[in-house]
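If you want the building blocks of each chain, they are given just below.
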Amino acid sequence: MCDLSVERSIAHYFATLDEPRSAIQRRHLLSEMIVIAIAASFSGADGWVGVETFGQAKEAWLRTFLQLPAGIPSHDTFGRVFARIDPAQFAACFRQWSASVAELIPDEIIAVDGKTLRRSHSRGKGLAALHLVSAWATANRVVLGQVATDAKSNEITAIPRLLAWLKLEGCIVTIDAMGCQTKIAEQIIHQGGDYMLALKGNQETLAAEVEEAFIDADARGYVGVDSEFIETVERGHGRLETRRYRTLGDLSGVPRSALWEAMNMIGMVESRREVAGKVSVETRYFIGSLGTSAARFARAVRGHWGIENGLHWNLDISFREDECRVRDPVARENLAVLRHIALSRLKNDGTKLGIQNKRLKAGWDESYLSKLLFESPQRQGGQDASVTANISGA
């Protein structure tokens, strides 16, 4: 077994947490409770009962590097302590760890999106379901940070706070229509990044101008304008998907573009999907500071979808996040951070298994669990190669 020490573990980044308990209430060391909770999250625990069960089963192994002066804490103790840890501090410690493992990659796509934890509400206490806005580094496959709100509508105020904590230099920030705000675009540019923002009804006038600009350019065959085009075709699982990406740098038909910091392009994606003989077509519009490279635009669009597959889907399927019934307003937020730690680490350990099977392996194989807890993640590097197609300038 490798040399184990808390100082070398992920939990080391949580050493600066304020102790929330009085001296006379401390039977268990806070740092050791965090180590156990993180290791349990790697190993399949999705709540405090699971964390205690893991600790009891692995007590002999845990004692090889922890003191455990009062044994393994009960699930009630875990719940009480994590309900008193300052969630802002806990999230800040997590951001320190994620920043230490994320490699700076040119044009890294940072996808920002929100997710509601459906079972985290309590009607009796008047507690709304927890809504988390997260930043996902697509190439690194790491959650860079998260902000908790009590409603999806609060994303507009949560996103600027989240972005302020991140290093955006050289990155492309992608956000759905809720975050399509002039102040957010300005903040991204001032922090050294580029942006690509989806357009919908919340920017009705701008959306209409963008659509009309493409209609006009298409009628002229895109002659004499700065524009690029890509088409991708994907087949699999009984469906055929064709996506056409078009960029346009002529913003003369988009007067409101002057209100947006560094905006230099608009984009359009037409998605045609055929399943069992049924065809559906969807057209979406975007604004950005990316320039008119269709390849860059397509990679940003696909990269943003990665937050659904790489983060939200895994949290629901592999971590059963939507089934979690922890409803203390503080504990549920800190538990969500534990899931982000576990998913980010499991995504980057190099083992060729799905997330669910990695969690099983961590529970069974102590050498693998030690690797997850004490070794640095493998660097992913490179660019997202999911978009490959011929590029033709109009």
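Look up a bit, the structure's there.
Cut-off values and rules
Residues numbered from 1 in each chain as written. Predicted model: local features only at pLDDT ≥ 70, side-chain atom pairs only at ≥ 80, totals over all residues. Heavy atoms only, no water. Helix = DSSP H or I, 4+ residues; strand = E, 2+ residues; numbered from the N terminus. Contact = heavy atoms within 4.5 Å. Lys, Arg positive; Asp, Glu negative; His and termini not counted. Charge placed at Lys NZ, Arg CZ, Asp CG, Glu CD. Core = buried A, V, L, I, M, F, W, Y, C linked by side-chain atoms within 4.5 Å. Buried < 20%, exposed > 50% of the residue type's maximum accessible area, 1.4 Å probe, protein only. Phe/Tyr/Trp six-rings, centres within 6.5 Å; stacked < 30°, edge-to-face > 60°. 1 Å grid on protein atoms, 1.4 Å probe; cavity = no way out; pocket = protein on both sides within 12 Å on 5 of 7 lines; lining within 4 Å. Points joined across faces, edges and corners; volume = space filled by probe spheres on them. Axes fitted to C-alpha atoms, helices over the stretch in contact; angles between N-to-C directions. Parallel < 35°, antiparallel > 145°, perpendicular 65-115°, else oblique. Nonpolar A, V, L, I, M, F, W, Y, C, P; charged D, E, K, R; others polar. Expected span 1.5 Å × (residues − 1). Arc of directions from axis to C-beta.

### Concerning the overall build of the protein chain
Moving on, step 1. Helix and strand counts for the protein chain come out as 12 helices and 10 strands.
Moving on, step 2. Its C-alpha atoms give the protein chain principal-axis dimensions of about 75 × 40 × 40 Å.
Moving on, step 3. By sequence separation, contacts in the protein chain at least 24 residues apart represent 67% of the contacts at least 6 residues apart.
Moving on, step 4. In the protein chain, 47 side chains carry a positive charge and 48 a negative one; their mean positions are 6 Å apart.

### Remarks on the nonpolar core
Moving on, step 1. Counting 99 residues, the largest nonpolar core has F14, I38, V112, I266 and I287 as its most contacted members.
Moving on, step 2. Of all the elements, helix 1 (residues 30–42) adds the most residues to this core, at 10 residues.
Moving on, step 3. Contacts of I38, omitting those with residues within four sequence positions, involve I10, A11, F14, L338, I341 and L373.
Moving on, step 4. One finds I172, Y245, F286 and A294 within the second-largest nonpolar core, a separate group that totals 14 residues.

### As for helix 7 (residues 182–190)
Along an α-helix, a turn takes 3.6 residues, which lines up residues three or four apart on a common side.
Moving on, step 1. Along helix 7, the positions that sit buried rather than exposed are I184, A185, Q187, I188 and I189.
Moving on, step 2. Contacts from the buried residues of helix 7 go to helix 6 (155–164), strand 4 (172–175) and strand 5 (194–199).
Moving on, step 3. A positive backbone phi angle near 90° is found at G192, which sits one or two residues after helix 7.

### A short note on the environment of V142
Moving on, step 1. For V142, the position within the fold is in strand 3 (residues 142–149).
Moving on, step 2. Remark: the alpha-carbon pair of V142 and G291, spanning 149 residues in sequence, is separated by 26 Å.
Moving on, step 3. The contact partners of V142, leaving out residues within four places of it in the chain, are S98, V101, A135, W136, A137, S344 and N348.

### Overview of the packing of aromatic side chains
Moving on, step 1. Applying the stated rule across the entire model yields nine aromatic pairs.
Moving on, step 2. Taking the centre distance of 6.0 Å and the plane angle of 35° together, the rings of F94 and W97 count as tilted. Within this pair, F94 and its partner W97 are both found in helix 5 (residues 87–101), separated by three residues, close to a single helical turn. For the residue pair F94 and W97, the accessibility class agrees, reading buried in each case.
Moving on, step 3. A centroid spacing of 6.0 Å and a plane angle of 40° characterise the contact between F214 and Y285, whose relative ring orientation is tilted. Highlighted residues: F214 in helix 8 (residues 204–219) and Y285 in strand 9 (residues 278–288), separated in sequence by 71 residues. This pair shows no difference in class: F214 is buried, exactly as Y285 is.

### Considering the layout of surface pockets
Moving on, step 1. The computed volume of the largest pocket comes to approximately 960 Å³.
Moving on, step 2. Looking at the largest pocket, it is lined by 37 residues, and the ones nearest its centre are R284, V301, H304, W305 and E308.
Moving on, step 3. Looking at the lining of the largest pocket, the elements with two or more residues in it are strand 5, strand 7 (239–248), strand 8 (265–275), strand 9 and helix 9 (294–317).
Moving on, step 4. In terms of residues, the lining of the largest pocket owes the most to one element, helix 9, which gives nine residues.

### Looking at the packing of helix 5 against helix 10 (residues 331–346)
Moving on, step 1. Here helix 5 crosses helix 10 at 10°, and the two axes come no closer than 9 Å. Considering the angle they form, helix 5 stands roughly parallel to helix 10. Side by side, helix 5 and helix 10 meet where P87, F90, A91, F94 and W97 of the first sit next to E333, N334, V337, L338, H340, I341, S344 and R345 of the second.
Moving on, step 2. Here the contact of helix 5 with helix 10 is composed, by residue class, of eight nonpolar, three polar and two charged.

### Brief notes about helix 8
Moving on, step 1. In this model, helix 8 (16 residues) spans 23 Å end to end at C-alpha, consistent with the 22 Å of a helix rising 1.5 Å per residue.
Moving on, step 2. For helix 8, the set of buried residues is L206, A207, E209, V210, A213, F214 and A217. Down the axis of helix 8, the smallest arc covering the buried residues is 165°, so these residues share one side. In helix 8, the exposed positions angled more than 90 degrees off the buried face are occupied by E204 and A219.
Moving on, step 3. Residues of helix 8 that are buried make contact with strand 5, strand 7, strand 8 and strand 9.
Moving on, step 4. Of the residues flanking the end of helix 8, it is G221, one or two places downstream, whose phi is positive at about 65°.

### Here we look at the packing of helix 1 against helix 4 (residues 75–82)
Moving on, step 1. The contact between helix 1 and helix 4 brings their axes to 11 Å, and the two run at 110°. Accordingly, the angle class assigned to the pair helix 1 and helix 4 is roughly perpendicular. For the pair helix 1 and helix 4, the contacting residues are L30, M33, I34, I36 and A37 in the first and T77, F78, V81 and F82 in the second.
Moving on, step 2. Taken together, the residues of the contact of helix 1 with helix 4 break down into eight nonpolar, one polar and no charged.

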